[in-house]
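Examining the three-dimensional arrangement
Below are the chains, spelled out letter by letter.
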Amino acid sequence: MKAAVVAVALVAIAGGFWVLRTFDPNAVGNLFPRCMFHALTGWFCPGCGMTRALHALAQGDLPRALSMNVLLVPMLAAALLIAWQELGNRRLLGPTARAWLYSPALWIGLLLVFGVLRNLPWWPLRLLAPG
């Protein structure tokens, strides 16, 4: 069962990578949906810029990815650490790191704070908006 889940996840990741590498979300008339939250409110949600950041990462452009959504890169790194920990049965993370990374309150709080800060008009907080 575990191998099947990993296989499906790898196929989904490969397919997503291909789509993001092939199609540009910055192009006019692209196939990616717009952020409904931003369209309705004019504010940036915590996820605004993630598709463009993932596209930049698929192109190997880390600075551009960070300018689109600075939170995405550390979240991907944390997800990889958690996946490695869970799939490899390794003791990669200590108990304190596991407690933090596996805490829903941490992730919800981080997303809420990031969502508020990226909409504030003052420098350097303006840099958190998708650029």
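Preceding this section is the structure that the text describes.
Residues numbered from 1 in each chain as written. Predicted model: local features only at pLDDT ≥ 70, side-chain atom pairs only at ≥ 80, totals over all residues. Heavy atoms only, no water.

1. Description of the overall build of the protein chain
From N to C terminus, the protein chain includes 7 helices and 0 strands. Considered along the principal axes of its C-alpha atoms, the protein chain spans approximately 45 × 35 × 25 Å. Within the protein chain, the proportion of its 131 residues that are buried is 18%. Summed over all atoms, the accessible surface of the protein chain reaches about 8,900 Å², with 75% contributed by carbon and sulfur. (Helix = DSSP H or I, 4+ residues; strand = E, 2+ residues; numbered from the N terminus. Buried < 20%, exposed > 50% of the residue type's maximum accessible area, 1.4 Å probe, protein only. Areas by Shrake-Rupley, 256 points an atom, 1.4 Å probe, with all protein chains shown as cover.)

2. Side note on the environment of G115
Counting through the fold element by element, G115 comes out in helix α7 (residues 104–117). Of the residues examined, G115 reaches a relative accessible area of 12% and is grouped as buried. Through-space distance from the C-alpha of G115 to that of C48 is 9.1 Å; in sequence the pair is 67 residues apart. Not counting residues within four places of it along the chain, the set of residues in contact with G115 comprises F44 and P46. (Contact = heavy atoms within 4.5 Å.)

3. Focus: the side chain of Q85
Inspection of the secondary structure puts Q85 in helix α5 (residues 72–88). For Q85, a relative accessible area of 3% corresponds to the buried category. Within polar-contact distance, the side chain of Q85 engages the backbone nitrogen of L93 at 2.9 Å. Contact partners of Q85, with chain neighbours within four places excluded, come to R90, R91, L92, L93, R98 and Y102. (Polar contact = N/O pair within 3.5 Å; in protein donor to acceptor, adjacent residues only side chain to side chain.)

4. Side note on the side chain of N69
Looking at where N69 falls in the secondary structure, it is placed in the loop between α4 (62–68) and α5. When residues no more than four places from it in sequence are discounted, the contact partners of N69 are P46, G47, C48, G49, M50, A53, F114 and R118.

5. Considering the environment of A3
The residue A3 is located in helix α1 (residues 2–22) in this model. For A3, a relative accessible area of 60% puts it in the exposed group. Taking C-alpha positions, A3 is 9.5 Å from L87, a pair spaced 84 residues apart along the chain.

6. Overview of the packing of α1 against helix α3 (residues 50–58)
Where α1 meets α3, the closest approach of the two axes is 8 Å, and the angle between their N-to-C directions is 90 degrees. As summarised for this structure, α1 and α3 are arranged roughly perpendicular, according to the angle between their axes. Of the residues in α3, those touching α1 at F17, L20 and R21 are T51, L54, H55 and A58. When grouped by side-chain class, the residues that make up the contact of α1 with α3 number 4 nonpolar, 2 polar and 1 charged. (Axes fitted to C-alpha atoms, helices over the stretch in contact; angles between N-to-C directions. Parallel < 35°, antiparallel > 145°, perpendicular 65-115°, else oblique. Nonpolar A, V, L, I, M, F, W, Y, C, P; charged D, E, K, R; others polar.)

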